[in-house]
Amino acid sequence: MESLLRLALKEAEAHGASDAEVYAAVTKESEVFIENNDLKQAKTQKASAVGIRVFLNGALGFYSVNSLDPDKIRNAVYSAVKIARVSPRDKLNFLPAKSKVGRVRGIYDRNAESFEAREAAKLAAEMLKTAKSHDKKVSVDSGNFSATGMTHWLANTNGVLLSEKLSVFSWSIMGMAIDGDDVSSFDVQSGGTHHVKDIEVHTAASEFARTVAGSLGAKKMTDSFKGEMLLTPAAAMEMVEEVVAHSINSDAVQKKSSMFAGKLGKRVASAMLAVEDDATNADGLAAASFDREGVPHRKNVVIENGVLKKFLYNTYTAKKAGTRSTGNASGSTSSPPSVATTNFAVKPGKSSLDGLISEIKQGVMISRFSGNVNPVNGDFSGVVKGGWLVRNGELVHPVKEVMVAGNVFDCLKNLTGLSKERKVIGASILPYMRFGRVSFTAG
C-alpha cells in the first residue's frame, strides 16, 4: 500500500501540484439485520477506496476512487489536479507537517479479520431471543449486529506517512411492547466495543425489553407544568450533544452559526458541566491515533466547570483562527476533511440515577425524544417518548402525549445533576443529565 501512496504523491507533483495528500482505507464488514422479530439479511462486504487531495497554489482539487488499481489511482490524481486548476485560490489551504503520533492502545482486535457473518448472525439471534424471552409482549421492529475491520493509511508531501488498524463491533435493537390495544413507545438500545471478548449483546436487549414493557399503560398527565427534565444518556445524545457539538465546531464559529462564538473563557453552563472530546479514549468507538489529515489525536477539554475552554479545529480552520489543529479533521476517503467531534464525553457526577430521581419534586424522565432540535439556536420542541412522570422523588407512571419545549443553552445553565453512571453509545460517553425549569405540556 505504501508504494501506491508514494506513486500517487509522485504523480500529483509531476502534474504540478504544490501539495498532495492521499488517504486510503480497506474495510471488511459483516452485518446481520433484524426485522419484524426475525433475522432477515446477512452480508459480508470488502471495500477499498482512495481519496486524493491536491493544492495548486492554494487551489483545492479532490477526487476519490473505489479501487487500488495503480492506473485508476493515476487517473484519479490527474482528475484532482484538473479540478484544482479551475478552483479558486485560498491562502488558508495547506497540509499539516509531520509530527509524532502516539499510538492509541485497545482499538484493534486481530480476531476481527476472521469474524464471519455466521458469527454476527448468532449474536443477533441471541439479542433477539434475550429481548423476546423477557416478556412475550415485546416486539422487535428492527436491529442489527455489525463487525468492521479497517486498515487506513495517510500520506502527504510534507513527509507524513501513517497507517493503523481498527476494529469495531456494534449492535442495536429497536421496537415496542404490545398488549392488546396498548402499544408502548418505541425504544432503541445499542452497544459496541473494539474487541471480540467484550461483545455483550444481552445488556442492550434486556434494557430495551425492560424499557418498552415498562412503558405499557402510559397515561396522559393531568396538568402542564414547568419542572425538571431527566434525560437518559440516549436522550441526552439526541437533545443536548448535537447542539454542543455544533457550537464547539470551529467551522460553525467562523461561519457565525455558533452560539458559543466570542465566548471562550466565559461561562456557558452550570459549573458542574465538563465536556471532553477525546479520540484517545478507547472506550469510544471513534478512537484512533490520528485524524483525517494525519494530525495526532489528543484529549481536548472543551468545557470545564461550565466555562468554555476550546473550539475544535482541523488544519484549515486552525490556520484561519491563528491557532493549531486540535486533531479534529474528520471524514472518509470520499470527501476532503471537515471538522467534527471524535469521542464526545460528559464527565460523570457523584449521584446515582436513583439519587437524581429522589431529588425531583416534579418532572419527567425522558428515554427518547421525537421532535426538532435546532443546533444553531438550541431551541427544541417535541413529544416525550418512553417518559415517566416523577413526583416527590418517585417514578409515578409512564406518560403519553406529553410535549416538551425549551432551549438547550438555557438547559446547560440550569443543569441540576449528573449521574455517576455513564453509558457508551457509539462515540458518545454520557451520564444521565437533569435540568431544571423545563416546560411540559399535557396532551
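- The name given to the protein chain in an unreviewed UniProt entry is Putative Zn-dependent protease-like protein, with the source organism recorded as Candidatus Nitrososphaera evergladensis SR1.

### Some thoughts on the domain arrangement of the protein chain
In step 1: Domain boundaries in the protein chain define domain 1 (1-214) and domain 2 (219-442).
In step 2: Computed over C-alpha atoms only, the centres of domain 1 and domain 2 are separated by 24 Å.
In step 3: With 45 residues of domain 1 at the interface, the matching set in domain 2 holds 35 residues.
In step 4: Taking both partners together, domain 1 and domain 2 bury about 3,000 Å²; carbon and sulfur atoms supply 63% of that area.

### Points about the pairing of strand E20 (residues 403-407)
In step 1: Summarising the sheet, strand E17 (residues 379-385) and E20 pair through five bridges and their orientation is antiparallel. Residue pairing in the sheet places Gly382 in a bridge with Val404 of E20.
In step 2: In this sheet, strand E22 (residues 428-441) lies alongside E20 in antiparallel orientation, the contact comprising three bridges. The residue of E22 that forms the bridge with Ala405 is Ser439.

### Description of the pairing of E22
For a regular strand, side chains alternate in direction, first toward one face of the sheet and then toward the other.
In step 1: Most of E22 is tucked away: 11 of the 14 residues are buried.
In step 2: Here strand E8 (residues 225-231) pairs with E22 via six bridges, running antiparallel. The residue bridging Leu231 from the neighbouring strand is Met433, located in E22.
In step 3: Here seven bridges tie strand E21 (residues 415-425) to E22, and the two strands are oriented antiparallel to one another. Residue pairing across strands places Val424 opposite Ile429, the latter belonging to E22.
In step 4: The antiparallel pairing of E21 with E22 creates a hairpin that spans two residues between the two strands, and Gly426 there sits at a positive phi of about 65°.

### Some thoughts on helix H5 (residues 233-247)
In step 1: Here H5 contains 15 residues, and its C-alpha end-to-end distance of 20 Å stays within 8% of the 21 Å for a straight helix at 1.5 Å per residue.
In step 2: Val240 marks the point of greatest bend in H5, at about 45°.
In step 3: Three or more residues of H5 are buried, namely Pro233, Ala235, Ala236, Met239, Val240, Glu241, Val243, Val244, Ala245 and Ser247.

### Observations concerning the pattern of salt bridges
In step 1: As enumerated under the stated definition, the model contains 18 salt bridges in all.
In step 2: For Arg74, the salt bridge identified is with Asp71, shortest N-O distance 2.9 Å. Taken together, the residues Arg74 and Asp71, both in helix H2 (residues 70-85) and three residues apart, mark about one turn of the helix.
In step 3: Connected via shared salt-bridge partners are Glu21, Arg53, Arg292 and Glu293.

### Overview of the packing of helix H3 (residues 117-134) against helix H4 (residues 202-214)
In step 1: Remark: H3 packs on H4, axes separated minimally by 8 Å, with the N-to-C direction vectors making an angle of 30°. As judged from the angle between their axes, H3 and H4 are roughly parallel. H3 and H4 meet at a crossing whose hand is right-handed. For the pair H3 and H4, the contacting residues are Glu126, Met127, Thr130, Ala131 and His134 in the first and His202, Ala205, Ser206, Phe208, Ala209 and Arg210 in the second.
In step 2: Residues belonging to the contact of H3 with H4 are distributed by class as follows: five nonpolar, four polar and two charged.

### Here we look at unusual backbone geometry
In step 1: Residues other than glycine seldom take positive phi values, yet Lys256 does so here, at roughly 60°.
In step 2: Secondary-structure assignment places Lys256 in the loop between helix H6 (250-254) and strand E9 (275-278).
In step 3: A relative accessible area of 74% means that Lys256 is categorised as exposed.

### Things to note about the nonpolar core
In step 1: Judged by nonpolar contacts, the single largest core of 48 residues is most densely connected at Met229, Phe380 and Phe440.
In step 2: The dominant element in this core, judged by the number of residues it contributes, is H5, at six residues.
In step 3: In terms of nonpolar packing, the next biggest core, distinct from the first, is built from 27 residues, Ile34, Leu128, Phe145 and Ile173 among them.

### Re the packing of helix H1 (residues 2-14) against H2
In step 1: In contact at an axis separation of 9 Å, H1 and H2 are set at 35° when each is read in the N-to-C sense. Of the two elements, H1 crosses H2, and the hand of that crossing is right-handed. For the pair H1 and H2, contact is made by Leu4, Leu7, Ala8, Glu11 and Ala12 and by Pro70, Ile73, Arg74, Val77 and Val81, respectively.

### Some words on H3
In step 1: The end-to-end C-alpha distance of H3, which contains 18 residues, comes to 26 Å, matching closely the 26 Å that a straight helix rising 1.5 Å per residue would cover.
In step 2: Turning to H3, its buried residues are Ala117, Ala120, Ala121, Leu123, Ala124, Met127, Leu128, Thr130 and Ala131.
In step 3: Here the buried face of H3 lies against strand E1 (19-35), strand E2 (38-56), strand E4 (138-156), strand E5 (161-179) and H4.

### Describing the environment of Ile360
In step 1: Here Ile360 is to be found in the loop between helix H8 (353-358) and strand E15 (362-366).
In step 2: For the pair Ile360 and Arg391, spaced 31 residues apart in sequence, the C-alpha to C-alpha distance is 6.6 Å.
In step 3: Sequence-distant contacts of Ile360, defined by excluding residues within four places in its chain, comprise Glu228, Leu230, Val390, Arg391, Asn392, Gly393 and Arg434.

### A look at the packing of aromatic side chains
In step 1: Enumeration over the complete set of coordinates arrives at six aromatic pairs.
In step 2: Between Phe145 and Trp171, the aromatic rings sit 5.8 Å apart at their centres with planes inclined by 5°, giving stacked as the arrangement. Of this pair, Phe145 sits in strand E4 while Trp171 sits in strand E5, placing them 26 residues apart in sequence. For the residue pair Phe145 and Trp171, the accessibility class agrees, reading buried in each case.
In step 3: Between the aromatic rings of Phe369 and Phe380, the centroid separation amounts to 6.3 Å while the plane-to-plane angle is 85°, which identifies the pairing as edge-to-face. Of the two residues, Phe369 is situated in strand E16 (residues 368-373) and Phe380 in strand E17; the sequence distance between them amounts to 11 residues.
In step 4: Since its relative accessible area comes to 4%, Phe380 is described here as buried.
In step 5: Grouping aromatic residues by their ring pairs yields a cluster made of Phe115, Phe145, Phe169 and Trp171.
In step 6: Positioned above the aromatic ring of Phe94, the side-chain terminus of Lys319 is 5.2 Å from the ring centre.

Rules behind the numbers
- Residues numbered from 1 in each chain as written.
- Predicted model: local features only at pLDDT ≥ 70, side-chain atom pairs only at ≥ 80, totals over all residues.
- Heavy atoms only, no water.
- Domains from an automatic or database assignment.
- Contact = heavy atoms within 4.5 Å.
- Buried area = accessible area lost by both parts, 1.4 Å probe.
- Pairing = 2+ DSSP bridges.
- Helix = DSSP H or I, 4+ residues; strand = E, 2+ residues; numbered from the N terminus.
- Buried < 20%, exposed > 50% of the residue type's maximum accessible area, 1.4 Å probe, protein only.
- Expected span 1.5 Å × (residues − 1).
- Bend = angle between axes of the 7 residues up to and from the residue.
- Salt bridge = Lys/Arg side-chain N within 4 Å of Asp/Glu carboxyl O.
- Axes fitted to C-alpha atoms, helices over the stretch in contact; angles between N-to-C directions.
- Parallel < 35°, antiparallel > 145°, perpendicular 65-115°, else oblique.
- Left-handed = near helix turned anticlockwise from the far one by under 90°.
- Nonpolar A, V, L, I, M, F, W, Y, C, P; charged D, E, K, R; others polar.
- Core = buried A, V, L, I, M, F, W, Y, C linked by side-chain atoms within 4.5 Å.
- Phe/Tyr/Trp six-rings, centres within 6.5 Å; stacked < 30°, edge-to-face > 60°.
- Lys NZ or Arg CZ within 6 Å of the ring centre and 35° of its normal.

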